[in-house]
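Now for the letters of each chain:
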Amino acid sequence: MDKVFAVNIIHRPELSPEYAEKAYGAGSGVRDESLDIFVFQQQTAHKYGLKTTIQMTYASLFSDEVVELAKHDAKKYGDEIGLSLLGLPCKQFREKYKTEDFCIWMFDKKDKEAIVDDAFSMFFDRFGFYPESTGSYFLDAYTINYIKKRYPSVKCAIATCWEEGPKAYHTCNNSWYTFMDGGPWNPWIPSVVNSHCPAASKEDDSGIVAIPHLSRDLLACFDGNGSNFGTHPQNVLRGMIYYRDKGRYEYPYLYNLIDQYRHLEKYNDGYSYNMMFVGPGWLNKRGRWEAPYSLLAQSYDDAMKYYGMLKQRGELWDMTMSEFADFYRARHEDYSTGECALWKDILYGSNKQYFWYASPYLRTCLDFNQGGAMIDLRPYAARLEQHTGIGTDNVYDASYPYLIQANYRAGYFTHYAGAGTVKSCRVSYHGKQADLCLCRTMARYEKTATGVRLICDPVTVTLDGLDIVIESVFEFEKNGEVVVTRRIVNNLGGEAVTLEEYFTGAYGTTEYQKDMTSVTLGVDDSKLEYKYMGRSITAEGRVVWANLPDVSTRIEMGGCGCVLTASEGIAFSPVYHLSLQKTISKGEIKTWLKLQKAN
Amino acid sequence: MAQATKGKLNYRCPSCFMRDIDIDMFYDSHTEEYYCLRCSFRGKRGEVLKLNQQARYRYKALKLRVADFGEDNEPVSFKPHEGGAQ
């Protein structure tokens, strides 16, 4: 297929941006300033020949001036006029709904419906048609389904902000309650059951194409503060990722980041995507963070200039959101092809490399700096029915649970005792042991008839004087299976080594584990109810498994005709372990991992 | 002595920034220094700017432009960024 780098540029006129109101007070000219910022953003995009999507906010629908501006730009530049469910705060909203809340997914069901109907009706009154695109930082399945049912014209929505969860909360001094970890990083068709999960079939298709709120650095955002590393120029300034040279500020990282998003076409049949959506608060005239307004404005201009240059070279296709939805559906003919990203460090100067994969069955990340260890795993196969908002069990936490999250839950390295969540392989010989997590490598990508394959450069483990050279291969099948091959590629001279493929898991959305006594572990028909006693079942069998009712997930591993072990943790280390072990002197062991919906 | 205020720009605490916490400092006009509510950092504007510069130590590719993403299993190759270029 043709190479396409699709870009969405989105602007929202807030008139009453929450950042500015809080910092400077509602009556201090923020309305006019916000309007100026919107006009600046629009003019800058158009200056470089780029099309935008104008997402009207609730507050802006009361402004004749903004409505006329939007109509003008739609007619002159082909911009799309959409409707945002961000930017709700304004006098009229507060008086009507008697609340200071402003995140659509946090309202109760009745208010979600009332606000959606209110905003869409006002939009229709102003423009004479219903929008084709909408969005928020996060849109839960309930809200998406309601919007699609009532306003079928909507075909595209901003539906999550990638890895905005505990990291964002901590960065904002534990005050920013946007918990929405665990979704895809690039556009997807959301399931009707849970908007994080890519749809598995036509019946599961919510009818919209979802896009992320920002295109974020798939390494820096996972490892650190999510809000500094995205295709959002002011995020880059927030991270202090700029320097001064000959009187001018420079930020090559922003261009490197856009370029790496372009590079992802290599892993997705020629398709790549990028979006920029800078809210007006980030272009505050008073400056933001340590950056004066002049730098904020310069960085926005430079970003648009770069997009414009790529467009002029025929290397970028600027689309409105609804245009993108049509393009995306035409380009993605089935529901089973996984989104792939083989991502390299472009900021810290390391050789670190991640592979991200998202399909209707799972989202996962392999870290080749840890030998290809699985450091993140989300069980989309479980299709968790998560309701969010007041009146539900998740008032604010919309994150999709992990089974493995090596940063929240330790990963390979722990302090003296216990174990962290990670999936890797241990190698043993003559009583000595090493974990492939300690073997740094890189990998190459291949497309196969049934999915994709990542092949690591071989690594050498030396135990008791014996060099054991191992190649790891990870295959992601369209049916949801993950097949791992550990291949010994040197001559061991007849010596036998033991390979143990293991999965240390947990579950949750934050760093803290809930009670695990609902967990059951087993090998074939033998089972163990979790009681924090550190007990195990070991047998030569077919399948080692874990049932996690709290996240409706069953994990199964099998495949090598090995010794299988399922172990519970202890109170100090609330995790579970599944492993497959085999002793070989040459050849390989091949194991598989499957996630299923349980209960 | 009057209460502390925000500075002209909202300088964040450099000590907290290094541990991934963004927290604005407040300005004490009496001592002409910024201080953090979360930790014990205090410092004049010049010291804040110097520490912000130091905080960039981890960005080893700060001034580099990607020349080539290379083969999958090769490191990215960089070149020095030319001022004003994209």
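Residues numbered from 1 in each chain as written. Chains lettered and ligands numbered in written order. Predicted model: local features only at pLDDT ≥ 70, side-chain atom pairs only at ≥ 80, totals over all residues. Heavy atoms only, no water.

### Let's talk about the overall build of chain A
Convention followed: In this text, helices come from DSSP runs of H or I with a minimum length of four residues, and strands from runs of E with a minimum of two, each type numbered from the N-terminal end. Throughout, radius of gyration means the C-alpha value; the globule benchmark is 2.2 Å times the number of residues raised to the power 0.38. Burial classes: relative accessible area under 20% of the type maximum marks a residue as buried, over 50% as exposed, and values in between as partly exposed (1.4 Å probe, protein chains only). Throughout, a residue-residue contact means that at least one pair of heavy atoms, one from each residue, lies within 4.5 Å. The protein chains shown are the only cover counted for residues, whose accessible areas, like all others here, come from Shrake-Rupley with a 1.4 Å probe. His is not counted here, nor are the chain ends, while Lys and Arg score as positive and Asp and Glu score as negative. A charge is said to be at NZ when it belongs to Lys, at CZ for Arg, at CG for Asp and at CD for Glu.
Each helix and strand counted, chain A has 12 helices and 31 strands in total. For 599 residues, the compact-globule estimate of 2.2 N^0.38 gives 25 Å, and the C-alpha radius of gyration of chain A, at 25 Å, lies within 12% of that figure. Once the C-alpha set of chain A is aligned to its principal axes, its extents read approximately 80 × 55 × 45 Å. Across the 599 residues of chain A, 65% fall into the buried class. Within chain A, contacts between residues separated by at least 24 positions form 66% of all contacts whose residues are at least 6 apart in sequence. In the structure as shown, chain A presents an accessible area of about 20,800 Å², 49% of it carried by carbon and sulfur atoms. The average position of the 65 basic charges and that of the 75 acidic charges among the side chains of chain A differ by 1 Å.

### With respect to the overall build of chain B
Within chain B, the regular secondary structure consists of two helices and five strands. Along chain B, helices and strands appear, N-terminal first, in the series α-β-β-β-α-β-β. Against the 2.2 N^0.38 benchmark of 12 Å for 86 residues, chain B shows a C-alpha radius of gyration of 18 Å, more extended than a compact globule. Taken along the three principal axes of its C-alpha coordinates, chain B extends 60 × 25 × 15 Å. Residue pairs at least 24 apart in sequence account for 22% of intrachain contacts in chain B once pairs closer than 6 positions are excluded. Of the roughly 5,100 Å² that chain B leaves accessible, carbon and sulfur atoms contribute 49%. Here chain B carries 15 positive and 12 negative side-chain charges, and the mean point of each set is 7 Å from the other.

### As for the sheet that holds strand S2 (residues 33-35) of chain B
Working definition: the strands of a sheet are paired by backbone hydrogen bonds and lie parallel or antiparallel to each other. All names here are of chain B. In plain terms, the rule: Paired strands, as defined in this entry, are two strands with at least two bridges between them according to DSSP.
Pairing within the open sheet is antiparallel, and its three strands lie in the order S1-S2-S3. The open sheet terminates on both sides in strands that have one partner only, identified here as strand S1 (26-28) and strand S3 (42-43). Pairing of S2 with S3, which is carried by two bridges, proceeds in the antiparallel orientation. Residue pairing across strands places Tyr-35 opposite Arg-42, the latter belonging to S3.

### Observations regarding the sheet that holds strand S5 (residues 156-160) of chain A
All names here are of chain A. To keep it simple, the criterion reads: For helices, the fitted line uses only the C-alpha atoms of the stretch in contact; every axis is such a line through C-alpha atoms, and the angle between N-to-C directions lies from 0 to 180 degrees.
The three strands are arranged S4-S5-S6 in an open sheet whose pairing can be described as parallel. Looking at which strands have only one partner, the edges of the open sheet turn out to be strand S4 (133-135) and strand S6 (209-212). Direction aside, the axes of adjacent strands within the sheet are offset by 30° on average. Taken together, the three bridges between S4 and S5 define a ladder with parallel strand orientation. The residue of S5 that forms the bridge with Thr-134 is Ala-157. Across the face of the sheet, helix H12 (residues 321-331) comes into contact with S4, S5 and S6 while running at roughly 115° to S6.

### Description of the state of the cysteines
Residues and elements named next belong to chain A. To keep things clear, this is the line we draw: The definition used for a disulfide is geometric: two cysteine sulfur atoms within 2.5 Å.
Counted according to the given criterion, the structure contains one disulfide over all chains. The disulfide bridge from Cys-560 ends at Cys-562, spanning 1.1 Å between sulfur atoms. Neither residue differs from the other here; Cys-560 and Cys-562 are each classed as buried. Looking at the unpaired Cys-365, the closest cysteine sulfur is the one in Cys-340, lying at 12 Å. Owing to a relative accessible area of 0%, Cys-365 belongs among the buried residues under this scheme. Cys-439 supplies the cysteine sulfur nearest to Cys-456, a cysteine that is in no disulfide, at a spacing of 10 Å.

### A look at the side chain of His-213 of chain A
Relative to the helices and strands, His-213 of chain A resides in the loop between S6 and helix H8 (220-223). Not counting residues within four places of it along the chain, the set of residues in contact with His-213 of chain A comprises Arg-12, Leu-86, Tyr-137, Ile-158, Thr-160, Cys-161, Met-275 and Phe-277 of chain A.

### Considering helix H5 (residues 109-127) of chain A
Residues and elements named next belong to chain A. Rules: For a helix, the expected span equals 1.5 Å multiplied by the number of residues minus one.
End to end, H5 covers 27 Å across 19 residues, agreeing with the expected 27 Å (1.5 Å per residue, within 8%). Looking at H5, one finds that the buried residues are Lys-112, Ile-115, Val-116, Asp-117, Asp-118, Ala-119, Phe-120, Met-122, Phe-123 and Phe-127. Once H5 finishes, Gly-128 follows within two positions and takes phi at roughly 80°, a positive value.

### With respect to the side chain of Arg-238 of chain A
Mapped onto the elements, Arg-238 of chain A comes out in helix H9 (residues 233-238). With residues near it in sequence (within four places) discarded, Arg-238 of chain A still touches Thr-171, Cys-172, Ser-227, Asn-228, Trp-282 and Trp-289 of chain A together with Arg-12, Phe-17 and Asp-22 of chain B.

### Regarding the interface of chain A and chain B
Inclusion rule: When two components associate, each loses some accessible surface as probed by a 1.4 Å sphere; the sum of these losses over both components is called the buried area. Salt-bridge detection follows one rule: a side-chain nitrogen of Lys or Arg within 4 Å of a carboxyl oxygen of Asp or Glu. Amino acids outside the nonpolar list (Ala, Val, Leu, Ile, Met, Phe, Trp, Tyr, Cys, Pro) and the charged list (Asp, Glu, Lys, Arg) are all regarded as polar, and Gly is one of them.
Listed as interface residues are 50 residues of chain A and, on the opposing side, 38 residues of chain B. Carbon and sulfur atoms make up 50% of the area that chain A and chain B hide from each other, which totals about 3,800 Å². The partner of Arg-238 of chain A in a salt bridge is Asp-22 of chain B, with the nearest N and O atoms 2.6 Å apart. Examining the composition of the side of chain A that touches chain B, we find that six residues originate from one element, helix H10 (residues 252-263) of chain A, more than from any other. Classifying every residue of the side of chain A that touches chain B gives 21 nonpolar, 14 polar and 15 charged.

### Focus: the environment of Arg-12 of chain B
Rules: For this analysis, a polar contact is any N or O atom pair within 3.5 Å, provided that within protein one partner can donate a hydrogen and the other can accept it, and provided that sequence-adjacent residues contribute only side-chain to side-chain pairs.
On the secondary structure map, Arg-12 of chain B appears in the segment before helix H1 (14-17). Dropping the residues within four chain positions of it, Arg-12 of chain B is found in contact with Leu-237, Arg-238, Met-240, Trp-289 and Glu-290 of chain A together with Phe-17, Asp-22, Ile-23, Asp-24, Met-25 and Val-48 of chain B. For Arg-12 of chain B, the side chain forms a polar contact with the side chain of Glu-290 of chain A, separated by 2.8 Å.

### Quick word on the packing of aromatic side chains
All names here are of chain A. Convention followed: Aromatic pairs are defined between Phe, Tyr and Trp rings, using the six-membered ring for Trp, whenever the two ring centres lie within 6.5 Å; interplanar angles under 30 degrees are classed as stacked, those over 60 as edge-to-face, and all others as tilted.
A complete count under the given rule lists 45 aromatic pairs over all chains for this structure. Arranged with centres 4.7 Å apart and planes meeting at 35°, the rings of Phe-93 and Tyr-97 form a pair that is tilted. Note that Phe-93 and Tyr-97 are positioned in helix H4 (residues 91-97) at a spacing of four residues, about one turn of the helix. Judged on exposure class, the residue Phe-93 and its partner Tyr-97 are both buried. Seen from their ring centres, Phe-222 and Tyr-354 are 6.0 Å apart, and the 85° between their planes marks the pair as edge-to-face. Here the residue Phe-222 occupies a position in helix H8, and Tyr-354 occupies one in strand S12 (residues 353-358), the gap between them amounting to 132 residues.

### Observations concerning the pairing of S5 of chain A
All names here are of chain A. Test applied: Here is how to tell: hold the view so the strands point away, follow the path from the first strand over the helix to the second, and if it runs clockwise the crossover is right-handed.
Counting buried positions along S5 gives five out of five residues, so the element sits mostly inside the fold. In this view, the connection linking S4 to its parallel neighbour S5 by way of helix H6 (residues 141-150) has right-handed handedness. Two strands pair when backbone bridges link them, and S5 and S6 are joined in this way by four bridges, in the parallel orientation. Its bridge partner being in S6, Ala-157 is matched across the sheet by Ala-210.

### Here's the deal with the pairing of strand S13 (residues 363-367) of chain A
Residues and elements named next belong to chain A. Burial of S13 is extensive: five of the five residues sit out of reach of the surface. Neither face of S13 is left uncovered, since the one carrying Arg-363, Cys-365 and Asp-367 and the one carrying Thr-364 and Leu-366 both have all their residues buried. Sheet topology places S12 next to S13; five bridges connect them, and they run antiparallel. Its bridge partner being in S13, Ala-358 is matched across the sheet by Arg-363.

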